[in-house]
Amino acid sequence: AQKVTQAQTEISVVEKEDVTLDCVYETRDTTYYLFWYKQPPSGELVFLIRRNSFDEQNEISGRYSWNFQKSTSSFNFTITASQVVDSAVYFCALSEAPSNTGKLIFGQGTTLQVKP
Amino acid sequence: GAGVSQTPSNKVTEKGKYVELRCDPISGHTALYWYRQSLGQGPEFLIYFQGTGAADDSGLPNDRFFAVRPEGSVSTLKIQRTERGDSAVYLCASSLFGTQEETQYFGPGTRLLVL
């Protein structure tokens with residue numbers, strides 16, 4: 001069965017620290033997509049990144065970077081030089097292939113608190 | 001253009017009552033999804049529409065839950081005989097074609113509280 005696990009429930013850091021949010025997934029599919037979303041206090045899920053199972057190249061976008069490793073079924077997210085505005089709940093999600101509906105399976109989320 | 005909108009933003013009802021939650025997707029998006037997010041949890045899939053038809057309703061918890069999308073745009077999630085356990089945030093998302101590689105864009109959600 002497909003599953004996404006975010007073992008870190010809450011993380012608290014001081015501004016300017018680097019922080020890594022872990023995501024481990026389970027799937028029997030060879031073709032799948034992984035996503036990260038941010039949910040600020042307002043509640044709306046904001047898309048951050050999408051990665052397909054055939055592309056293991058790491059990606060960097062400003063202070064954000066993602067490390068995808070199929071060997072360990074992980075898709076970790078690092079924020080460099082964290083800022084107070086990064087405080088939010090972050091979700092990792094998996095889109096499975098067989099159904100071809102695009103429905104997402106989400107992890108439990110990691111609450112990140114960045115203190116000034 | 002406008003994003004996904006949902007109304008109402010908050011809904012308080014009494015146990016046993018009927019409620020309707022509305023979702024207005026991004027214009028031109030054929031795929032529409034409903035998810036439910038309980039406190040401290042990630043969103044859980046409820047139902048997926050491709051156009052007017054429900055292509056996958058495997059996430060609906062029981063027959064008290066029903067959703068429609070009669071004209072392939074706006075969707076309404078309907079909950080009959082509400083129970084306290086239905087209290088959650090109901091999220092709507094849309095994407096252009098509904099394929100697995102596409103990004104889903106989410107609305108702000110409707111916070112439902114059943115007393």
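Now for a quick tour of the structure. Keep in mind it's a predicted model, so treat the numbers as computed, not measured. (Residues numbered from 1 in each chain as written. Chains lettered and ligands numbered in written order. Predicted model: local features only at pLDDT ≥ 70, side-chain atom pairs only at ≥ 80, totals over all residues. Heavy atoms only, no water.)

Some words on the overall build of chain B
And step 1. Regarding its fold elements, chain B presents zero helices and eleven strands.
And step 2. Listed N to C, the secondary structure of chain B is β-β-β-β-β-β-β-β-β-β-β in terms of helices and strands.
And step 3. A globule of 115 residues ought to have a C-alpha radius of gyration of about 13 Å, and chain B, at 13 Å, matches this closely.
And step 4. Split into buried and exposed, the 115 residues of chain B put 47% on the buried side.
And step 5. For chain B, contacts bridging at least 24 residues in sequence account for 54% of all contacts bridging at least 6. (Helix = DSSP H or I, 4+ residues; strand = E, 2+ residues; numbered from the N terminus. Rg over C-alpha atoms; globule rule 2.2 N^0.38 Å. Buried < 20%, exposed > 50% of the residue type's maximum accessible area, 1.4 Å probe, protein only. Contact = heavy atoms within 4.5 Å.)

Points about the pattern of salt bridges
And step 1. Applying the stated criterion across every chain yields a total of seven salt bridges over all chains.
And step 2. When the shortest N-O distance is used, the salt bridge between E59(A) and R51(A) registers 2.3 Å.
And step 3. For E59(A), a relative accessible area of 31% puts it in the partly exposed group.
And step 4. The salt bridge involving K103(A) is made with D56(B); its shortest N-O contact spans 3.3 Å. Of this pair, K103(A) sits in the loop between β10 (88–95) and β11 (104–106) while D56(B) sits in strand β6 (residues 53–56), which puts the two residues in different chains. (Salt bridge = Lys/Arg side-chain N within 4 Å of Asp/Glu carboxyl O.)

What to know about the environment of E56(A)
Residue and element names in this part refer to chain A.
And step 1. Tracing the sequence through the fold places E56 in the loop between β6 (46–52) and β7 (59–61).
And step 2. Judged by its relative accessible area of 42%, E56 is partly exposed.
And step 3. E56 sits twelve residues away from F68 along the chain, and the two C-alpha atoms are 5.6 Å apart.

Remarks on the nonpolar core
And step 1. In this structure, W36(A), W66(A), F75(A), F77(A), Y90(A) and L112(A) are the most contacted members of the largest nonpolar core, which totals 24 residues.
And step 2. Counting residues per element, the ones that place at least two in this core are β2 (10–14), β3 (19–21), β5 (33–39), β6, β8 (64–69), β9 (74–79), β10 and β12 (110–115) of chain A.
And step 3. If you tally residues by element for this core, the top one is β10(A), at four residues.
And step 4. The contacts of F77(A), once residues within four sequence positions are left out, are V19(A), T20(A), L21(A), W36(A), L48(A), Y64(A), S65(A), W66(A) and Y90(A).
And step 5. In terms of nonpolar packing, the next biggest core, distinct from the first, is built from 20 residues, I26(B), L60(B), L77(B) and L112(B) among them. (Core = buried A, V, L, I, M, F, W, Y, C linked by side-chain atoms within 4.5 Å.)

Distances and angles like these do not, on their own, reveal function.
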